[in-house]
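Survey of secondary and tertiary structure
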Amino acid sequence: MDRSHKPSALTPSTTGPQPSVHSEQGRVIATLPTGDSVEVLLYGATVVSWKHNGRENLWVSKAAKLDGSKPVRGGVPVVFPCFGPPPKDHATSALPQHGFARNSTWQYLGKSSSESGKLASGGDDAVKLDFGLSSAELSEDAKKAWPYDFGLVYSVTLGKDGLQTMLNVQNKGKESFEFQMLLHTYFKVDDISKVSLTGLGSATYVDKVLNATTHTQSTPSLSITGETDRVYTAIKQDTTSILQDGKLRLDVIRDNLVDSVVWNPWIEKAKGMGDFEPKDGYKNMVCVEVGAVDGWQKLEAGDTFEGGMIVKSHL
Ligand SMILES: O=P(O)(O)OC[C@H]1O[C@H](O)[C@H](O)[C@@H](O)[C@@H]1O
């Protein structure tokens, strides 16, 4: 792939300890002096752990395959270039559900001090890990199914009070292409019956559980009381918050993205998924997935798109 993306080295600090980064067995782990950490598999560039103040914020199934045989059931799978089953009449039609990014092996491009002003804790207190995937590195099957020349850089920044994940999509070819993208985050919660989501009031959504019918959310907050699979589009607020027992736990902030999917498989769907364990794990997770999934993003030759999320923990 294009090696022109070279993150700068961590800025040496004159004060106090630095974040540490190490890679082992197909994963990269960054730890801040506070003990907060993030863990990313090269397989799918899937973030599989984000710990803040000693608490894990991501849910990963106990039966998740981490060996590259299947997309990871949990963490933050990257969905690209199509969301859900691709339509028959589209250039992505031969791809699997949710595309190839989540089941391709990415390259670790390196670490740098965070340049993001969006995490309160930037500079020496934050560390950014970059991962890359380009057309040249795809499996022969994926290349054949989607023969475009592209470069993805996925940046995972761990800060003192948040995690930022940004996907940069570049069209390196001579023709335009269309894509969708989504960060399919499985957030860990203590008890789904006490969870509510705010920030989706008045937003319009397609309810995949109700035969893909379109609705407008009439209440300011959403409780999860059964199988939920909603695709919210053109959301006006930039933040969806996850509350537990009425207390703010996490803010999920969309960056240059206006769509979000809320998903919980509940009892029957969880039973039907071989890689979903424990079977009552649906009580401890909720997916809030930021993305661009309403129609298609068209990227002209040479152009770049960037979108992602900032998650702030309030515990
Ligand atoms: O089983 P997967 O391919 O990982 O998909 C898991 C889920 O992803 C999204 O949330 C979709 O809206 C759901 O319809 C789908 O069931």
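Residues numbered from 1 in each chain as written. Predicted model: local features only at pLDDT ≥ 70, side-chain atom pairs only at ≥ 80, totals over all residues. Heavy atoms only, no water.

1. Points about the site of the ligand
Near the ligand you find R73, F83, Q97, H98, R102, H184, K208, D229, V261, W263 and E289, and these make up its full shell. Separating an oxygen atom of the ligand from a side-chain N or O atom of H184 is a distance of 2.7 Å. Within the side chain of D229, an N or O atom sits 2.5 Å from an oxygen atom of the ligand. Look at the ligand: alone it shows 390 Å² of surface, and the protein chains cover 84% of it. Tallied by class, the residues present in the shell around the ligand amount to three nonpolar, three polar and five charged. (Near = heavy atom within 4 Å. Polar contact = N/O pair within 3.5 Å; in protein donor to acceptor, adjacent residues only side chain to side chain. Areas by Shrake-Rupley, 256 points an atom, 1.4 Å probe, with all protein chains shown as cover. Nonpolar A, V, L, I, M, F, W, Y, C, P; charged D, E, K, R; others polar.)

2. Brief notes about the UniProt feature "binding site: substrate" (unreviewed entry) in the chain
UniProt marks R73, Q97 and R102 with the feature "binding site: substrate" (unreviewed entry), using the numbering shown here. The annotated residues occupy 30 residues of the chain but converge on a single region, no pair of C-alpha atoms lying more than 13.7 Å apart. In this structure, R73 sits in the loop between β5 (55-56) and β6 (78-79). Overall, R73 belongs to the buried group, its relative accessible area being 15%. Apart from the residues lying within four places of it in its own chain, the contact partners of R73 are W59, V60, S61, A64, Y186, W263, M273, D275 and F276. Apart from the residues lying within four places of it in its own chain, the contact partners of R102 are Y43, G44, P71, P77, V78 and Q97. (UniProt positions renumbered as here; feature names shortened; annotations may be inferred. Helix = DSSP H or I, 4+ residues; strand = E, 2+ residues; numbered from the N terminus. Buried < 20%, exposed > 50% of the residue type's maximum accessible area, 1.4 Å probe, protein only. Contact = heavy atoms within 4.5 Å.)

3. Some remarks on the pattern of salt bridges
Evaluation of the coordinates by the stated rule reveals 11 salt bridges. For the salt bridge of K160 with D125, the shortest nitrogen-to-oxygen distance reads 3.4 Å. Here the residue K160 occupies a position in the loop between β9 (150-159) and β10 (162-171), and D125 occupies one in strand β8 (residues 123-134), the gap between them amounting to 35 residues. Here K269 ties to E227 by a salt bridge, and the two come within 2.8 Å at their closest N and O atoms. (Salt bridge = Lys/Arg side-chain N within 4 Å of Asp/Glu carboxyl O.)

4. Some thoughts on the packing of aromatic side chains
On inspection of all chains with the given rule, the structure shows 19 aromatic pairs. Ring plane angle 75° and centroid distance 5.9 Å describe the contact between F80 and F100, whose orientation is recorded as edge-to-face. Placement of the pair is F80 in the loop between β6 and β7 (107-114) and F100 in the loop between β6 and β7, with a sequence separation of 20 residues. You can call F80 buried: its relative accessible area is 0%. For F100, a relative accessible area of 3% translates into the label buried. When the ring of W106 is compared with that of Y154, the centres are 6.1 Å apart and the planes differ by 55°; the resulting orientation is tilted. Taken together, the residues W106 in the loop between β6 and β7 and Y154 in strand β9 connect sequence positions 48 residues apart. For Y154, a relative accessible area of 0% gives the class buried. Joined through ring pairs, the aromatic side chains of F80, F100, W146, Y148, F150, F177, F179 and F305 make up one cluster. (Phe/Tyr/Trp six-rings, centres within 6.5 Å; stacked < 30°, edge-to-face > 60°.)

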